Amino acid sequence: MSGADRASERYLAWIPVIGGRRVRPMAAVAPAVLGGLILTLLFTAVPIGDGRNLTLYGIAESVEYTNTAWQALATVCVTPIAAWGPITIALAIAYYRRRVPAAV
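Conventions adopted
- What you see as residue numbers is a count from 1 along each chain, following the sequence as written.
- In keeping with the predicted nature of the model, local features appear solely for residues at pLDDT of at least 70, side-chain atom pairs appear and are counted solely at 80 or more, and the whole-chain, interface and lining totals rest on all residues.
- Side-chain numbers come from the whole structure's heavy atoms, not from hydrogens or water.
- A run of DSSP states H or I qualifies as a helix once it reaches four residues; a run of E qualifies as a strand once it reaches two. Both are numbered from the N-terminal end.
- Atoms considered for the radius of gyration are the C-alpha atoms alone. The globule rule reads 2.2 Å times the number of residues to the power 0.38.
- Burial classification: accessible surface area is computed with a 1.4 Å probe over protein chains only, and a residue below 20% of its type maximum counts as buried, one above 50% as exposed, and the rest as partly exposed.
- By definition in these notes, contact holds between two residues if any of their heavy atoms fall within 4.5 Å.
- Values of accessible area rely on a 1.4 Å probe in the Shrake-Rupley scheme; residue burial ignores everything except the protein chains shown.
- In this count, Lys and Arg are taken as positive residues and Asp and Glu as negative ones, while His and the chain termini are left out.
- We put the charge of a Lys on NZ, of an Arg on CZ, of an Asp on CG and of a Glu on CD.

Draft legend 1. Structural detail: the overall build of the chain. When helices and strands are tallied, the chain shows three helices and three strands. Helices and strands appear in the chain in the N-to-C order α-α-β-β-β-α. The C-alpha atoms of the chain give 20 Å as radius of gyration, which overshoots the globular expectation for 104 residues (13 Å, by more than 25%). Burial status across the chain gives 12% buried among its 104 residues. For the chain, contacts bridging at least 24 residues in sequence account for 40% of all contacts bridging at least 6. Total accessible area computed for the chain in this model is approximately 8100 Å², and 69% of it derives from carbon and sulfur atoms. Between the averaged position of the 9 positive side-chain charges in the chain and that of its 5 negative side-chain charges there is a distance of 26 Å.

The values are spatial; any link to function lies outside them.
This is the structure we're talking about:
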């Protein structure tokens, strides 16, 4: 285990009261999963037909592009935002699996 790995499993020494103690896995996983779920809700649009999408904010009209190059550029720019929530959840689960021994 590298120094960076060990450092990420303990609170920073300068933090009052809890400095230097081990971080409990659920103290990191619970906020990460909650944040991932919130991000997924915020940035997910479900197509419902006729160029409309259902979002957290209601029904949104899709934007018409003048050519496919602009549409491809928009897709490339927006996809990381849409993937942010699910990736955060996946990383939180991987962290939990790494830190908590499997019950056999």
